[in-house]
Amino acid sequence: MNLILLGPPGAGKGTQAKRLEERYGLKQLSTGDMLRAAIAAGTPLGQQVQEILDRGDLVTDAVMLDMIAERIAQPDCDRGFILDGFPRTVPQAEGLDEMLARHGKSLAVVIEMRVDETALFTRIANRAALSTEKRADDTEETLRKRLGIYREQTAPIIPYYRDKGLLKVVDGMAEMDAVTHQIETILGFQSASAT
Ligand code: AMP
């Protein structure tokens, strides 16, 4: 089963994706983590994208599509994967569709984690305070910019997937466990009546 977790920075996509990976063996594909790993390793790609990430801008669609195409072809994705942080633009979503079709794969569902924007500032501040690996983009100023980019460039993929009948929405403001439960229910991993 292949799915997308969609939502603004700080919505909890990474946390939920990790849980689904641990519980059900679906591979978490976080493009942000992949880019940060490339930066940490000092690869040519890492050098190319470091400033972009620090500024809170988006890496080009072509680079992101290549990165995901290479990743989903690997055997650890055979049981299914969770896209976390990708796609972030309509051209990425269209490119993903073509790529999946080429590989004979498809998306089961796109889960939008809906959150209250003001709460994100608190969450990101907490993440910055608690994290051992500091992220240069976890500042209030960069978050403001990233939220603007989310609204302008990423939110248009919500109607794109709604029109395809793939979109489901969860309340990302609920307790972490309750969000997991909502997602598991959508994925059919748990009955809706379970607590
Ligand atoms: P994230 O960890 O998902 O918040 O991503 C951190 C940063 O990586 C973003 O602010 C972008 O600079 C870059 N990035 C991650 N995924 C993408 C993507 N799908 N398209 C463009 N840039 C991305």
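For clarity, every value in this text was computed on a predicted model and none was experimentally measured.

Novice: Kindly report on the sheet that holds strand β3 (residues 81–84), identifying the contributing residues and their values.
Specialist: Spatially, β2-β3-β1-β4-β5 is the arrangement adopted by the five strands of the open sheet, whose pairing is parallel. The open sheet has two edge strands with one neighbour each: β2 (27–30) and β5 (167–171). Adjacent strand axes in the sheet meet at a mean angle of 25° when their direction is disregarded. With five bridges joining them, strand β4 (residues 109–114) and β5 adopt parallel strand pairing. Paired with Ile111 across the two strands is Lys168, which belongs to β5. Sheet contacts for helix α1 (residues 13–24): β1 (3–6), β2, β3 and β4; angle to β3, the most-contacted strand, approximately 170°.

Novice: Residue-level account of the site of the ligand, with values.
Specialist: Taken together, 16 residues surround the ligand, and among them Thr31, Arg36, Asp57, Gly85 and Arg146 come closest. Here a nitrogen atom of the ligand sits 2.8 Å away from a polar atom, N or O, in the side chain of Thr31. Arg88 is positioned such that a nitrogen or oxygen atom in its side chain is 3.0 Å from a nitrogen atom of the ligand. Tallying contributions element by element places helix α2 (residues 31–41) first for the shell around the ligand, with four residues. In terms of residue class, the shell around the ligand is made up of six nonpolar, four polar and six charged.

Novice: Please set out the pattern of salt bridges residue by residue, giving values where relevant.
Specialist: Applying the stated criterion to the full structure yields 15 salt bridges. For Asp97, the salt bridge is made with Lys164, and the minimal N-O distance between the two is 3.4 Å. Of this pair, Asp97 sits in helix α5 (residues 90–102) while Lys164 sits in the loop between α8 (157–163) and β5, and the two are 67 residues apart along the sequence. Its relative accessible area of 24% is what places Asp97 among the partly exposed residues. A salt bridge links Asp137 to Arg146; the shortest N-O distance between them is 3.6 Å. Each of the two residues, Asp137 as well as Arg146, counts as buried. Within the structure, one salt-bridge network assembled from shared partners comprises Glu51, Arg55, Asp57 and Lys145.

Novice: Which residues make up helix α3 (residues 44–55), and what are the values?
Specialist: Burial in α3 covers these residues: Gly46, Val49, Ile52 and Leu53. Buried residues in α3, looked at end-on, bunch into an arc of 130°, giving them a common side. Residues of α3 that are exposed and point more than 90 degrees away from the buried face comprise Pro44, Gln47 and Glu51. At its buried positions, α3 is contacted by α2. Once α3 ends, the next one or two residues include Gly56, with phi positive near 85°.

Novice: I'd like a rundown of the pairing of β1, residues and numbers included.
Specialist: A regular strand places its side chains on the two faces of the sheet in alternate fashion. Of the two faces of β1, the one lined by Leu3 and Leu5 and the one lined by Ile4 and Leu6 are each fully buried. In this structure, β1 lies alongside β3, joined through three bridges in parallel fashion. Bridging from a neighbouring strand, Leu5 pairs with Asp84 of β3. Of the strand pairs in this sheet, β1 and β4 are connected by four bridges, and their pairing is parallel. Along β4, the bridge assignment pairs Ile4 with Val110.

Novice: Any chance you could break down the packing of aromatic side chains for me, citing the residues and the numbers?
Specialist: A complete count under the given rule lists two aromatic pairs for this structure. Plain terms: the ring middles of Tyr24 and Phe189 are 3.9 Å apart, the flat faces sit at 20° to each other, and that makes the pair stacked. In this pair, Tyr24 sits in helix α1 while Phe189 sits in the segment after α9 (176–187), placing the two residues 165 residues apart along the sequence. What makes Phe189 partly exposed here is its relative accessible area of 31%.

The rules behind these values
- Residues numbered from 1 in each chain as written.
- Predicted model: local features only at pLDDT ≥ 70, side-chain atom pairs only at ≥ 80, totals over all residues.
- Heavy atoms only, no water.
- Pairing = 2+ DSSP bridges.
- Helix = DSSP H or I, 4+ residues; strand = E, 2+ residues; numbered from the N terminus.
- Axes fitted to C-alpha atoms, helices over the stretch in contact; angles between N-to-C directions.
- Contact = heavy atoms within 4.5 Å.
- Near = heavy atom within 4 Å.
- Polar contact = N/O pair within 3.5 Å; in protein donor to acceptor, adjacent residues only side chain to side chain.
- Nonpolar A, V, L, I, M, F, W, Y, C, P; charged D, E, K, R; others polar.
- Salt bridge = Lys/Arg side-chain N within 4 Å of Asp/Glu carboxyl O.
- Buried < 20%, exposed > 50% of the residue type's maximum accessible area, 1.4 Å probe, protein only.
- Arc of directions from axis to C-beta.
- Phe/Tyr/Trp six-rings, centres within 6.5 Å; stacked < 30°, edge-to-face > 60°.

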